Every structure is written in C-alpha cells, then in structure tokens.
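Descriptive analysis of the structure
Read off the chains here:
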Amino acid sequence: MSTENLPQSPEQPARKPRVAVVFGGRSSEHGISMVTAGAVLTAIDRTKYDVLPIGITREGRWVLTADEPERMAIADRRTPEVADLAEEHEGGVVLPVDPTSREVVYSEPGSVPKALGEVDVVFPVLHGPYGEDGTLQGLLELSGVPYVGSGVLASAVGQDKEYMKRILASYGLKVGPYLVIRPREWDRDESAVRKRIVDFAGEHGWPLFVKPARAGSSIGITKVDGLAGLDEAIAEARRHDPKILVEAALRGREIECGVLEFEDGPRASVPAEIPPPDAHAYYDFEAKYIDSTPGVVPAPLTEGQTAEVRRLAVEAFEATSCEGLVRADFFLTEDGEFVINEINTMPGFTPISMYPQMWQATGVGYPELVDRLVQAALRRPTGLR
C-alpha cells in the first residue's frame, strides 16, 4: 500500500541542549561560585540552550534557584548565598545515579517526586572541595551526564596542591620549594612540625606562605614574616583544610595564562601579569574579588617570554590530563625563569576574573568562551577516555 497520499506527521523541532548550571556548594568558596554562576547565566546563549540553574547550599542540599543572575553579585563587600535564591526551602533536586537516564527530579517531603526533564550537560562552576575536586565529577560520571571541565583525576590533582606539584615536577616543570604538613603529623607532635617549618625557613628564608593544601581563591592563606605569626597562620589554614602547605616566597613577577580546549586540542591565551596590590600584602581574596585589583592584560613580556609561558601552560594542562579549561599561574623569577605555582581546573570565572580577561584579549569574548566550554563537554563522552 502506498503511503504517498497519507497525512504526514509534522516534524518536531529539534530540542535545544539543556544545560544545568550548578553552583554554590559546601566549600569556603561558596559565594565566589555564585558570582561565577551569575556571569555564566548572563552570558549563555538562551537561543541555543535551555538553562536550569541548580544551587547547592552550604549544607549540601541541591535546590532549584531563581534564574536571576543580577542577584548573584557581590554587594556591600558581601558575597551572595544560594539559600537566598532557593525557590523552595524544603525540597531538593536529585540527579539519579543511572547512566540510562538524565532525568532531573525534584522531591519534597510528603509529595510525589516531580520530573524536571533531561539534562544534556552540566556546567559545574563550583570552586574548592565538594565540587572542583573530583567529587562532583565522579557523581556525573556515575550518572552518565557530560560536564564542563576536567574529569575526576585531573580535578582531584588540580585541587590538591601537593600532588599537583609532584606531577608537574615529574613532567619537568619547575616548581618552588614547599613543605607538606599532614593532619596526623600535626596531631602527633606540633613541636616537631614547627621545627620542620623553622628549618625550612632557615634554608629558604622568610617570609613563608602557609595555606590550605586543597582550597582556592586565596582563602586561608597567610604570609608569615617570622616565627611569631606561625601558629596563627597554621590555625587559619587548618580551619579550611587539615592538610596544609608551606611555601617559600619566590621573588619575581606573577604571570597567569589561560588554556582552553578547542576542536583541535588545547590552546593558550595571551598571558596576564598580576602587579603587587597597593593595599594588600599579596594578591589575597579581598584584592582579587572585593577590591578588584586589576591585572595587566596582556602581560608586558618579551615575545620569547610570552611564547614560553604559553607553551608551559599547555604542557601543565596536558601533564595533569585536564579537559575544558585551566588557568596556570607562574612566577617569572629575577633570573628570567618561569616557575609554576599552581593550576586551577575551574578558575575564577567572573567578568573581572583573569581567565576570561585573558581570553577576551586573545579574541574569545565571554559568551563565546562559555559556548566553547559547553560544546567541548557535549563532544566528550563520560567514562574512560
């Protein structure tokens, strides 16, 4: 029987990919994550993607939030809170750990769970532990949902400054002198730990930087000029992470470089320089986000230095098996050598952050940057790769 004259069903319009922007979280970088999310929600192309904003409270509850990026900004020197944007205060969002379904479900006590539709890709803009460190990435791998940024291993390595430095050094990148203090060491014999630090200072000189081993946004870091401030610095670092890092101060210029995954592989942006902030002892949290100390983009380097730091940034990206994006931070020492300080697998992504500024100067504006990251995630499968 011919079907030529039968009525044809109208073709359904292609569904736009659905992007869940996940932000907030349990770390001390909760507020900065929200500022980043506000910028991403503003920039993402709504004609190309459907967007689902999902916040994680400081207690760890996943909630639907208002799609109001203007409320996710720093105001009166205070960072925003997911709880203030939550649409409901009892229910929660659940991403089933089932790779055959990408259905997001909303559930509240005493009610039948409500399906919110499938998610095609997650854009996790969480900073710090419980989000940037491989934990969320592991959940998304179990769920079979593609996501922006590095996988489980690279995210964990990028968060733990000790193992990051070990891996980078094993690939031939130069790192500065550092000391690791693990929680058992401190709990077992505080005086022995102090002696190790003092001996380290005797070898490398004061000041030292005492910091949490697994935190970012310069939170919990103290510049220590002598023995008198050491205990207070250790206590502040341990408030954010029981494992801490002690680093020797490096004399030189702070240079940053962004790496972005293109269709043909990772490429580096023009670098930026972070000048010493006038009102701060170093480039700390307030200098970065509250007082918005400006960086210099592009950094005033020679052509050879620019090429070298871009090469090293991509090398660091590859050495740690990163995907999507990375910001690599270096010191250009007085003898002209680049020393890598750290990488960030989900760097500050606010409009004033250095990563988007470097790419803007390279020719990739903020909306295109967001789009390239989502497209890279959609191209990449979950699982072993």
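Placed above this text is the structure.
Please read these numbers as outputs of a predicted model, since none were measured by experiment. (Residues numbered from 1 in each chain as written. Predicted model: local features only at pLDDT ≥ 70, side-chain atom pairs only at ≥ 80, totals over all residues. Heavy atoms only, no water.)

The subject of this paragraph is the side chain of Ser155. With respect to the helices and strands, Ser155 occurs in helix α3 (residues 152–159). At 2.7 Å, the side chain of Ser155 forms a polar contact with the backbone oxygen of Gly151. What Ser155 contacts, discounting residues up to four positions off in sequence, is Glu132, Asp133, Gly134, Gln137, Ser150 and Thr345. (Helix = DSSP H or I, 4+ residues; strand = E, 2+ residues; numbered from the N terminus. Polar contact = N/O pair within 3.5 Å; in protein donor to acceptor, adjacent residues only side chain to side chain. Contact = heavy atoms within 4.5 Å.)

Now for the sheet that holds strand β9 (residues 208–212). One open sheet holds the four strands; their spatial order is β8-β11-β9-β10, and the pairing between them is antiparallel. With partners counted over all chains shown, the strands left at the sheet margins are β8 (178–181) and β10 (222–224), one partner each. Pairs of neighbouring strands in the sheet enclose a mean axial angle of 25°, with direction left out of account. By the bridge criterion, three bridges tie β9 to β10 in an arrangement that is antiparallel. When the bridges of β10 are listed, Phe209 appears paired with Lys223. Across the sheet, helix α6 (residues 190–204) touches β8, β9 and β11 (244–248), and the angle it forms with β8 is around 175°. (Pairing = 2+ DSSP bridges. Axes fitted to C-alpha atoms, helices over the stretch in contact; angles between N-to-C directions.)

With that settled, consider the pairing of β11. Taken across its five residues, β11 has five buried, putting it largely inside the fold. Here β11 shows two buried faces, one formed by Ile244, Val246 and Ala248 and the other by Leu245 and Glu247. Two elements, β8 and β11, share four bridges in a ladder whose sense is antiparallel. Residue pairing across strands places Tyr178 opposite Glu247, the latter belonging to β11. The pairing of β9 with β11 spans five bridges and is antiparallel. Across the sheet, Lys211 pairs through a bridge with Leu245, a residue of β11. (Buried < 20%, exposed > 50% of the residue type's maximum accessible area, 1.4 Å probe, protein only.)

Attention now moves to the pattern of salt bridges. The tally for this structure, following the rule as stated, stands at 32 salt bridges. Glu263 serves as the salt-bridge partner of Arg379, at 3.8 Å between the closest nitrogen and oxygen. Pair noted here: Arg379 is in helix α11 (residues 366–379) and Glu263 is in the loop between β12 (252–262) and β13 (265–268), with a separation of 116 residues, a long-range link. For Glu263, a relative accessible area of 58% corresponds to the exposed category. Three or more residues are tied together by salt bridges with common partners; here these are Glu141, Glu261, Glu323, Arg380 and Arg385. (Salt bridge = Lys/Arg side-chain N within 4 Å of Asp/Glu carboxyl O.)

The next subject is the packing of aromatic side chains. Scanning all chains against the criterion turns up five aromatic pairs. With 5.9 Å between their ring centres and 50° between their planes, Phe262 and Trp359 make a pair best called tilted. One end of the pair, Phe262, is in strand β12; the other, Trp359, is in helix α10 (residues 354–362), and 97 residues separate them in sequence. Residue class for Phe262 comes out buried when judged on its relative accessible area of 6%. Through pairs of rings, three or more aromatic residues link up here, namely Phe123, Phe349, Tyr355 and Tyr366. Sitting over the ring of Tyr130, Arg26 keeps its end group 4.0 Å from the ring centre. (Phe/Tyr/Trp six-rings, centres within 6.5 Å; stacked < 30°, edge-to-face > 60°. Lys NZ or Arg CZ within 6 Å of the ring centre and 35° of its normal.)

On to the nonpolar core, then. Counting residues in hydrophobic clusters, the biggest one holds 35 residues, and the most contacted among them are Val21, Phe123 and Phe349. Elements with a contribution of two residues or more to this core: β1 (18–24), α1 (30–43), β7 (121–124), β12, α10 and α11. When residues no more than four places from it in sequence are discounted, the contact partners of Phe349 are Thr36, Ala39, Val40, Leu325, Tyr355, Pro356, Tyr366, Leu369, Val370 and Leu373. In terms of nonpolar packing, the next biggest core, distinct from the first, is built from 26 residues, Met164, Cys257, Leu301 and Val314 among them. (Core = buried A, V, L, I, M, F, W, Y, C linked by side-chain atoms within 4.5 Å.)

The step from Trp206 to Pro207 runs through a cis peptide bond, and the omega angle for that step is 0°. Each neighbour pair has its own omega, and for Val297 with Pro298 the value is -5°, a cis peptide bond. Assignment of secondary structure puts Pro298 in the loop between α8 (285–290) and α9 (303–319). Phi angles above zero are rare outside glycine, and Tyr130 is one such case at about 65°. With respect to the element layout, Tyr130 can be found in the loop between β7 and α2 (135–143). Phi at Ser321 takes a positive value of approximately 55°, unusual for a residue other than glycine. Within the element layout of this structure, Ser321 appears in the loop between α9 and β15 (325–333). A relative accessible area of 46% means that Ser321 is categorised as partly exposed.

The values reported here are purely geometric and, on their own, carry no functional implication.
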